[in-house]
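# Topology and contacts: notes
These are the residues of each chain, in order.
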Amino acid sequence: MVAPAGQSEKSKILKCVFAFLFLLFASSAAFAQKQVSGRVTAASDNSALPGVTVVVKGTNTGTSTDPDGRYSIEIPAGQDVLTFTFVGYTAQDVAVGNRTTVNVTLREDAKALEEVVVVGYGTQRREEVTAAVANVTQEEFRQSGARNALDLVQGKVAGLVITRSSSNPNTGVAIQLRGVGSINGGNSPLVVIDGIPGGNLDLLQQDDIESISVLKDGSAAAIYGTRANGGVILVTTKKGKAGKAQFDYNTYFRKEYERDRPDFMTAEQWRARVADKIWNRPDLGASTDWYGLLLNKKNLTQNHNLALSGGGENTTYRASIFYQDLQGIARENERKQYGGRISINHTGFQDRLSAQINLATNFNNANLLGGGGWESSLQRNPTQSLYNQDGTYFFEPTTTNQVARLAQETNKRQQQTSSADAKFSLETLKNLRASVFLAVQRNNILDGAYRLLASESSLENGDAPGGGYASRSTSLSNNYTFEPTIDYNTTIAGNHSLNAVVGYSYQYFVNEGFDGNNRGFVNDIFQENNLGTGSQLRLGKSGLGSFKNDNKLIAFFGRANYSFNNKYLLSLILRREGTSRFGANNKWGNFPAVSVGWNITNEDFMDAVTFIDNLKFRAGYGVTGNQEIGNYNSLVTLGGGGSYLFPDGIYRETYGPTRNPNPDLKWEEKHEINVGLDFSLLNNRLGGSIDVFQRRIVDLLGNYQSQQPPFVLDNINANVGTLVGKGIELTLNAQAMKVQDFTWNVDLIGSTASSRLESFSNDVYKAQERTFGGIPGPGAMGDAILTREGGKIGEFVGKRFAGFDDKGNWLFYKRDGSKVPANQINRSVDPNVTDLAVIGNAVPKYFASLTNDFRYKNLGLRVFLRGRFGYDILNAQAIQYGNTVAGTNVLNSAFGKYAELAGQSLQYSDYFIEKGDHLKVDEVTLSYDFKLNTSYVRNLRVYATGANLATITGYTGTDPDYIGVTGLGPGIQGLDIYPNTRSFLIGLSVGF
C-alpha cells in the first residue's frame, strides 16, 4: 500500500524535526558534562596511589582512585579544573581542557609528611614542639576493644600509667602521669575533648577517635593553669574530608573466659580434708560452686559503628552512629549503649570565615547488680546447698547468698550524656584570625534498685522484716564553656616565624541530684516506681536527700611560639586564672612557662653526619596548679544537726557549721623542669625520644587539726607541705627488618619515676606522718602504707617476720634484733622508738611495653607486651584466707605454703609482702587487608585479637596487673576481686 503524497511529506518533516531535536539534546548533554578518567601515581617510584581524592574544583562533585590508582569522573559544564589531594603529597590543580584522559603524578610534601601534634589551643608540627608531648594515632591504638577511650593508649605513652581493677564493663580506669602529684587533691590528668576542658569520656567511641595527645610537662600544660598538675590529655575526634561520599563500618565481637580463679577449696577437697581430720568443719552433703554460679559463661560483647563522611571544597561532614553491648564475665553485669556523633566544617566569605560544629550523645543502660560478691562466694562452705529442702533459697545471717541476690534484686542505671560545641573563626586581617568557642556538656543519670519481699535483704531486715526495699536517685551535671581567642601567624624575612594566641576562658560547672529509699512494701508490683507506698516513710525511717553545688573558672591566657630559621625555637606561655573554689585572699594565680628547642640537624656542621636524620634538643620550665578539692572548701558550710523538740511541742531541724573557713586556701602549685632529646637515625629506621624531669609541688592541700577557739571545729583545710618527684622516660621505634614484602617494626616504651613527701608540716599545722592503704578484712589491722617527712611514696611499714616459737606462735624482730611475740612489738609512729620498719614499696620502679609489628604483604601480626618491675604487693587475701583460723572456706595454700600459720592470729608483716614484677602478653592481633579490584569497596580488613593471654610473674595472688599502682595506697590486693579474664575478639573494618 502506498501512502498519499501529503502524508509522506509530513512523515519526512517529522523525522527531520526529531533528528534535529536529538542532535540538539545530545550536543547539549555533551556541552553539559564530560567524562574524564585517568591514573594517579607517585613521583618517587611511579607506583599507583589508591584513595586519592579527586574533586571538580568549586563543586561538591568528587571521587577517589581505586587500588590501581585509577579514577573516572564527570565534569559539569563551565568547570575545567580537577583538584587531586592525598595525605602526605602536594595537592595539584589540573586543567582538563579538551582531554578525556588525565594522568597525574603527585610529589611527596615534606611538610605534610611531618607529624602534626595537637597542643593546647592549637597544633604544631612535631619539628616545632619544644615541650614533652606524646601523640598516639589511630593506627597505634590497642586492638582488643576499648571499654573506655583511654584503654586505647594503655602502655603507649611513656610515663602515663593507666590501670584497670578488672574487666567489669561498668568501671573506668585509674590514670596517673609521672607519679603521685597530690595528697588530698586530684591526681588524674585533665581530659580535653575537641577543645572542651573536662570532657566526658563516655562520649567517646574508639572508631570516632583520630588521635590522643598527652601534654606531659609543665611547659606544655601551663596553658591550662589550675587543672594541669596531673598533665593534660587531648582527644581529637575524626572529621570529614573533601571528596567522594564515604561509608565506614566497624564491628567486633568479643568473648571472655575466666582465668586464674583464686584457689579456694572445692567441695571434693573440703570433704577429703574433713575425712583426713585436718579440717574440722561440717560436710553438709551438697556440691556447690558458689563462685562459678556468679559467672556469665555465655557472655558475648558486640560493637557496631557506622560512619558517613565527605563534602566539597567549602563544606565537609562526618556523622557516625554506634551500638555497643558490653557484657562482663559476671552475671547481671552489662552495659548497653547507643548514640552518635556529628561534625560539620564549613568555610565561606571568600575563605575568611569558618565554622566547626560538633554534636555527640550517648544513651547508656547499665545493669549494676552484678560484679561483686566474689569474696562472699569464695568463703562459703562448698558443701552447703544453694536451696532449702522446700526449694527456697538458703539464707543465714553471717553471709549473703549471692546467687539469690542476683535473682531477687535489681539495680539499673539509665544515663544520657550529650555535648554540643561550635567554633567560629574569622580572618579579620592578613595572618590574624579571631575565633569564639562555645560548648555545653550535659550528663543525666537515673538509678533505680529494688529487693523483692522474698529476698535475703528484706527477710533479715529488722525494721521491716519481709517488706521489700526500693531506692531511686538522680543526678544532673552541666558544664558550660565560652572561649574567645585571637591567633596570629607570620613569617618575617623568610627566617623568623611567629605564632601567637591570646584568649579568655570561662567555665561554669553545676551538679545537682536527688535520692530516696523506703522499705516495708506489701507487694513487688511497683518495685522502685512508687516509693511512697513503703511503710517506713510515715515512721521516719526512710531515706531522702538532695544536693546542688557549683563552681566557676575564669582565665586569661596567651602563648607565643618563635622560630629562627627552623633551628632555634622558643615558646612562652602565661595563664592568669581565678577559681571560685579557693579563699577570698587567693582567688587568682599566675601560671607561666617557657621552653626552648634546638634543631641540631639543621646546623651546617651536621651536613657531614649522614647517619643522623633528625636531632632536636628541648628544655622547658612550667608552673601548673591543682584545684581538685571539691566545692566550698574555703567557706563555712552548714549542715543538719538533727531534729529536736522545741518549747511549742514541734520537732524542728537544727543547723550548725560543718567546716571551718579558710580565706587563704589556694591551689597546689607544681614547678617542673623537663629536658628532652628527639632523634631519628639511619634513614629513619631508628627513632625516639628521651625525657628527664624534676618537679616540686608546693602548698599541698590537706586537712589538719585546728585550735578551738578561735575555730568552731577541730579540723581545717589548709595548704601545707611539699611533694617532689623525678624520673626518666624513653620512647624508641625501629624498623628492625624490611625485606621485599616483609617488614618488622618495634616500639619500646619505658619509664622510671619516684616521688617523695618532703614535708607536710609548717609553723602552724603539724603532722608526724600520713598513713594510706587500709588492709581489707576483719581484725582492724589498720593502714599498710606509712609516709614520714622525707619518705618515699608507697612504702609498706610493718612488722618484720622472725619465724615461730616452739609452740608455733608468731615471732617478729624488734629494732634491736631480738625476736618477740606480736604483742611485744612497739607500734609507735615515733621513728626513734618504733619496732616497725620499711618492708617494701608498692610503687613500681620501672614501667615498660614492647610492640612487635610484623607485616607480610597484606597479612599483619602485632604482639604487644607490657610489664611493671621493681615493686612489692601485699597479699591481703593470703592474710585472711591463707590461715585456717578464718573458720570459712580457705585457700588450698592454707594446707601447703601457709600450713605453719594454722590457728595463728591474723598479722600484717613482711611475711605477706611479695614481689609484684610481671610481664604480660597483653595482646596478639592477626589481621588481613584485602585489596579488592573494585571501585565499590575502598578497604576491607578482618582481624582477630587475643587479650590478657599470659602473665609471667612470681606473685602468688591474683593477676598483679589488676592491683592498683596509682594514688597513695597502691599495691594491696583486695578481697572482693572481680574475675580475671582472657578474651578473644574478631573484628571487621570496611569502607565504601
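Positions within a chain are numbered from 1, following the residues in the order the chain's sequence is written. Totals for whole chains, interfaces and linings use all residues, but because this is a predicted model, local features are given only for residues with pLDDT of at least 70 and pairs of side-chain atoms are given and counted only at 80 or more. The side-chain quantities take in all heavy atoms of the structure and omit both hydrogens and water.

In this scheme, a residue with accessible area under 20% of its type's maximum is buried, one over 50% is exposed, and one in between is partly exposed, where area comes from a 1.4 Å probe on protein chains only. Where helices and strands are cited, they refer to DSSP runs of H or I of at least four residues and of E of at least two residues respectively, numbered from the N terminus. Looking at helix 4 (residues 267-275), one finds that the buried residues are A267, W270 and R273. Buried residues in helix 4, looked at end-on, bunch into an arc of 135°, giving them a common side. Opposite the buried face of helix 4, at more than 90 degrees from it, the exposed residues are E268 and A275. Phi turns positive, to about 60°, at K277, one or two residues after helix 4. In this description, the arc belongs to the directions extending from the helix axis to the C-beta atoms.

The next point concerns the sheet that holds strand 13 (residues 190-193). Following DSSP output, two strands are said to pair if at least two bridges run between them. Read from one edge of the open sheet, 5 strands run 10-15-16-13-14, paired in mixed fashion. Of all strands in the sheet, those with a lone pairing partner are strand 10 (133-137) and strand 14 (196-197), marking the two edges. Relative to strand 15 (residues 209-215), strand 10 is paired through 5 bridges, and the arrangement is antiparallel. Along strand 15, the bridge assignment pairs A134 with V214.

Looking now at the packing of aromatic side chains. To pair, rings of Phe, Tyr and Trp, with the six-membered ring standing in for Trp, must have centres within 6.5 Å; the planes then decide the type, stacked if under 30 degrees apart, edge-to-face if over 60, and tilted in the middle. Going through the model one piece at a time under the given rule, you end up with 32 aromatic pairs. The structure contains a cluster of three or more aromatic residues connected by ring pairs, namely F801, F804, W810, F812, Y898, Y911 and F912. For a Lys NZ or an Arg CZ to count as sitting over a ring, it must be within 6 Å of the ring centre and within 35 degrees of the ring normal. R380 extends its terminal NZ or CZ atom over the ring of W290, reaching a point 4.3 Å from the ring centre. Taking the ring centre of F760 as reference, the NZ or CZ of R770 above it sits at 5.6 Å.

So, about the sheet that holds strand 43 (residues 810-813). The sheet built from 3 strands is open, its strands ordered 42-43-44 with antiparallel pairing. For this open sheet the edge positions go to strand 42 (801-804) and strand 44 (819-820), each flanked by a neighbour on one side alone. Across 3 bridges, strand 42 lies against strand 43 in antiparallel orientation. Residue pairing across strands places F804 opposite W810, the latter belonging to strand 43.

This part takes up the nonpolar core. F796, L874, Y908 and F912 are the most contacted members of the largest nonpolar core, which has 57 residues in total. Residue assignment for this core shows that the elements contributing at least two residues are helix 5 (374-378), helix 6 (402-408), strand 35 (715-719), strand 39 (783-788), strand 43 and helix 8 (876-881). Counting residues per element, this core draws most heavily on helix 8, which supplies 4 residues. Those residues in contact with F912 that sit more than four places away from it in its chain are W810, I873, L874, N875, A878, I879, Y898, L901 and Q907. As used in this record, nonpolar core signifies buried Ala, Val, Leu, Ile, Met, Phe, Trp, Tyr and Cys residues forming a set joined through side-chain atoms within 4.5 Å. If you look at the next biggest cluster of nonpolar residues, it comprises 23 residues, including F141, A146, L160 and V191. Note on contacts: a residue pair is in contact if any heavy atoms of the two residues lie within 4.5 Å.

What follows is about the environment of R227. If you trace the backbone, R227 turns up in the loop between helix 3 (218-221) and strand 16 (232-237). Owing to a relative accessible area of 8%, R227 belongs among the buried residues under this scheme. Distance from R227 to L150, taken between C-alpha atoms, is 19 Å for residues 77 residues apart in sequence. Contacts of R227, omitting those with residues within four sequence positions, involve L190, P197, Q507, F509, L553, R575, E577, G625, Q627 and E628. Whenever two N or O atoms come within 3.5 Å, that pair is a polar contact, provided that in protein one can donate a hydrogen and the other can accept it, and provided that, for residues adjacent in sequence, both atoms are side-chain atoms. Here Q507 takes part through its side chain, which lies 2.6 Å from a polar atom of the side chain of R227.

Next up on the list: a negative patch on the surface. Here a patch means residues that are over 30% exposed by relative accessible area and free of salt bridges, tied together within 9 Å if like-charged and within 5 Å if nonpolar (Val, Leu, Ile, Met, Phe, Trp, Tyr). Throughout, the Shrake-Rupley method with a 1.4 Å probe supplies accessible areas, and for residues the shown protein chains are the sole cover considered. By definition, a salt bridge exists where a carboxyl oxygen of Asp or Glu is found within 4 Å of a side-chain nitrogen of Lys or Arg. Positive charges come from Lys and Arg alone, negative charges from Asp and Glu alone, with His and the N- and C-terminal ends not counted. By convention, the charge on Lys lies at NZ, on Arg at CZ, on Asp at CG and on Glu at CD. A cluster of acidic residues, E139, E140, E210 and D747, forms a negative patch at the surface. With respect to the secondary-structure elements, E139 resides in the loop between strand 10 and strand 11 (160-163). Note on E139: relative accessible area 57%, which makes it exposed.

Glancing now at the environment of L201. Note that L201 resides in the loop between strand 14 and strand 15. The spatial distance from the C-alpha of L201 to the C-alpha of A149 is 6.4 Å, given a sequence separation of 52 residues. Sequence-distant contacts of L201, defined by excluding residues within four places in its chain, comprise N148, A149, L150, V191 and I193.

pLDDT expresses, on a scale from 0 to 100, how confident the predictor is about each individual residue. Per-residue pLDDT for the chain has a mean of 91; in total, 96% of the residues score no lower than 70. Confidence drops under a pLDDT of 50 for residues 16-31, and excluding neighbours within four residues, the segment shows 1 contact in the predicted structure.

In this section: the pattern of salt bridges. Applying the stated rule across the entire model yields 42 salt bridges. The salt bridge partner of D202 is R335, with a shortest N-O separation of 3.3 Å. Of the two residues, D202 is situated in the loop between strand 14 and strand 15 and R335 in strand 20 (residues 334-348); the sequence distance between them amounts to 133 residues. The class for D202 is partly exposed, based on a relative accessible area of 24%. The salt bridge partner of R866 is D922, with a shortest N-O separation of 2.9 Å. Taken as a pair, R866 in strand 47 (residues 859-869) and D922 in strand 50 (residues 918-930) lie far apart in primary sequence, 56 residues in all. With respect to class, R866 is no different from D922; both count as buried. One network of salt bridges, in which partners are shared, links R142, R866, R868, D922, E923 and D961.

Summarising the sheet, strand 18 (residues 301-311) and strand 19 (residues 315-327) pair through 10 bridges and their orientation is antiparallel. Note on strand 19: the bridge partner recorded for G310 is Y317. Counted between consecutive antiparallel strands, the loop separating strand 18 from strand 19 contains 3 residues. Between the end of strand 19 and the start of strand 20, which pair antiparallel, lie 6 residues, with E332 showing a positive phi angle near 50°.

Moving on, we get to unusual backbone geometry. Omega for the peptide link from Q708 to P709 comes to -20°, which places this bond in the cis form. Within the secondary structure layout, P709 lies in the loop between strand 34 (701-705) and strand 35. At the junction of P709 and P710, the peptide bond is cis and its omega measures out at 15° in the coordinates. Residue position: P710 is located in the loop between strand 34 and strand 35.

What follows is about the side chain of S64. Mapped onto the elements, S64 comes out in strand 3 (residues 62-64). S64 has contacts with G51, V52, R70, Y71, K244 and R938, leaving out every residue within four places of it along the chain.

Tracing the backbone through its elements, the reader meets E577 in strand 27 (residues 568-579). In this structure the side chain of E577 is engaged in a polar contact, spanning 2.8 Å, whose partner is the backbone nitrogen of T226. Of the polar contacts made by the side chain of E577, one reaches the side chain of R575; its length is 3.1 Å. Among residues more than four places away in sequence, those in contact with E577 are Y224, G225, T226, R227, L553, I554, A555, K587, W588, G589, F591 and W667.

Bringing empty space enclosed by the protein into the picture now. Rolled over the atoms, a probe sized like a water molecule indicates the empty space that remains. Definitions used for this entry: grid spacing 1 Å over protein atoms alone; cavity, a set of points where a 1.4 Å probe fits but cannot get out; pocket, an open set with protein on both sides within 12 Å along at least 5 of 7 lines; lining residue, one with an atom within 4 Å of a point. Grid points are joined across faces, edges and corners, and a volume is the space filled by probe spheres set on the points. Counted according to the given criterion, the structure contains 7 cavities of 30 Å³ or more. Here the largest cavity defines a volume of roughly 310 Å³. Considering the residues around the largest cavity, the lining is formed by 24 residues, among which R142, S144, R147, R164 and Y962 are closest to the centre. Residue assignment for the lining of the largest cavity shows that the elements contributing at least two residues are strand 17 (243-258), strand 50, strand 51 (939-953) and strand 52 (981-991). With 3 residues, the top contributor of residues to the lining of the largest cavity is strand 50.

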